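# Breakdown of the fold
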There are 2 protein chains.
Amino acid sequence: MKKRLLIATHSTFADGIRNAMELVTGRQDSVSTLCAYTDDMSEVETPVREIIDGLGPDEELIIATDIFGGSVNNEFMKYLSQKNIHLIAGVNLPLLFELVSCLNAPDTKKALETAVDNSREQICYCNLLLDQACPACDTF
Amino acid sequence: MKKRLLIATHSTFADGIRNAMELVTGRQDSVSTLCAYTDDMSEVETPVREIIDGLGPDEELIIATDIFGGSVNNEFMKYLSQKNIHLIAGVNLPLLFELVSCLNAPDTKKALETAVDNSREQICYCNLLLDQACPACDTF
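Here the structure is a predicted model, which is why all the values come from computation and not from measurement.

### Comments concerning the nonpolar core
Grouped together as the largest cluster of nonpolar side chains are 57 residues, with contacts concentrated most on Leu5 and Leu99 of chain A together with Leu99 of chain B. Residues contacting Leu5 of chain A, with those up to four places away along its chain left out, are Ser30, Val31, Ser32, Leu61, Ile62, Ala64, Leu96, Leu99, Val100 and Leu103 of chain A.

Here you go:
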């Protein structure tokens with residue numbers, strides 16, 4: 001299966017986070033974006049359907065959205081009965097790096113489960129790390 | 001203490017995620033952005049120092065960066081000995097909504113700990129939710 005990654009969000013978040021990633025990795029031809037409710041896109045039902053309908057029989061699509069329960073994620077939820085679609089909500093930059101690695105993984109589902117677990121741990125309150133490194137130093 | 005929130009990332013990610021948030025909440029005057037390594041900003045040391053130096057004695061700054069270990073986050077780490085600075089890495093949209101709520105919390109540190117925990121849980125592999133809802137349905 002040929003794998004692609006789509007970042008789909010409200011507004012320009014998708015383009016912004018791709019730009020941040022590509023500043024580090026360089027251009028990623030397997031990664032595309034959908035920026036909903038911008039000047040070019042008043043609703044998401046049609047563009048989402050076109051993306052799903054455009055998938056070839058040998059293609060697998062990993063979709064990273066901004067928030068579970070949001071309208072962009074909800075629109076993709078309708079298509080989860082298709083075997084070649086993987087949907088992940090709550091994208092951040094660590095997750096995006098992990099998802100790019102998943103494009104080459106032999107077992108997509110297993111790789112995505114690991115990616116989600118790893119990226120959760122990457123959200124951190126940095127002040128607490130300092131507290132743990134030096135319990136006597138109260139930075140607050 | 002007057003609280004403000006700064007989203008600081010590589011490239012246009014910060015502006016993009018703020019746009020996504022404000023599409024839902026409307027304009028947030030207490031939220032600003034720093035988009036590093038764009039055409040307007042070749043390095044982060046100077047703009048970060050200017051932000052920190054510009055903080056008033058009655059101001060508290062919550063900083064949300066894109067990734068722990070990245071150059072933007074590393075630059076803010078230098079200032080964590082100041083009592084009025086809180087640094088969180090790995091921002092996603094659920095976290096951003098939580099952080100805006102923290103601007104009105106009486107105990108910033110406690111509110112931020114809760115915000116981080118909640119946003120971690122908001123990263124999810126949606127296909128697995130369907131599997132759990134209907135174990136007999138194998139969507140893969």
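### What about the pattern of salt bridges?
Residues and elements named next belong to chain B. Under the defined criterion, the tally for this structure stands at 10 salt bridges over all chains. With its nearest N and O atoms 3.4 Å apart, the salt bridge here joins Arg4 to Glu59. Within this pair, whereas Arg4 is found in strand β1 (residues 2-10), its partner Glu59 is found in strand β3 (residues 59-65), the two being separated by 55 residues in sequence.

### Focus on the relation of the copies chain A and chain B
Superposing the two chain copies requires a rotation about an axis and a translation along that axis. Between chain A and chain B, which share one sequence, the superposing operator has a rotation angle of 180° and an axial displacement of 0.0 Å; the RMSD is 0.0 Å. The operation mapping one copy onto its partner corresponds to a two-fold rotation axis.

### Quick notes on the packing of helix α1 (residues 13-25) of chain A against helix α4 (residues 93-102) of chain A
Residues and elements named next belong to chain A. The contact between α1 and α4 brings their axes to 10 Å, and the two run at 60°. Taken together, α1 and α4 sit at an angle that is classed as oblique. Handedness of the α1/α4 crossing: right-handed. On α4, the residues that touch Ile17, Arg18, Ala20, Met21, Val24 and Thr25 of α1 are Leu93, Leu96, Phe97 and Val100. Class assignment for the residues of the contact of α1 with α4 results in eight nonpolar, one polar and one charged.

### Things to note about the UniProt feature "domain: PTS EIIA type-4" (unreviewed entry) in chain A
When the UniProt feature table is mapped onto this chain, "domain: PTS EIIA type-4" (unreviewed entry) is found at residues 2-123 of chain A. Helix makes up 43% of residues 2-123 of chain A and strand 22%, with an end-to-end C-alpha separation of 30 Å.

### Digging into the interface of chain A and chain B
With 52 residues of chain A at the contact, the number on the chain B side is 53 residues. Between chain A and chain B, a total of about 4,300 Å² is buried, with carbon and sulfur atoms accounting for 66% of that surface. Among the secondary structure elements, those contributing two or more residues to the side of chain A that touches chain B are α1, α3 (71-77), β4 (85-89), α4, α5 (108-121), β5 (124-125) and α6 (126-133) of chain A. Taken together, the residues of the side of chain A that touches chain B break down into 29 nonpolar, 14 polar and nine charged.

Definitions and limits used
- Residues numbered from 1 in each chain as written.
- Chains lettered and ligands numbered in written order.
- Predicted model: local features only at pLDDT ≥ 70, side-chain atom pairs only at ≥ 80, totals over all residues.
- Heavy atoms only, no water.
- Core = buried A, V, L, I, M, F, W, Y, C linked by side-chain atoms within 4.5 Å.
- Buried < 20%, exposed > 50% of the residue type's maximum accessible area, 1.4 Å probe, protein only.
- Contact = heavy atoms within 4.5 Å.
- Salt bridge = Lys/Arg side-chain N within 4 Å of Asp/Glu carboxyl O.
- Helix = DSSP H or I, 4+ residues; strand = E, 2+ residues; numbered from the N terminus.
- Least-squares fit on C-alpha atoms with pLDDT ≥ 70 in both.
- Axes fitted to C-alpha atoms, helices over the stretch in contact; angles between N-to-C directions.
- Parallel < 35°, antiparallel > 145°, perpendicular 65-115°, else oblique.
- Left-handed = near helix turned anticlockwise from the far one by under 90°.
- Nonpolar A, V, L, I, M, F, W, Y, C, P; charged D, E, K, R; others polar.
- UniProt positions renumbered as here; feature names shortened; annotations may be inferred.
- Buried area = accessible area lost by both parts, 1.4 Å probe.

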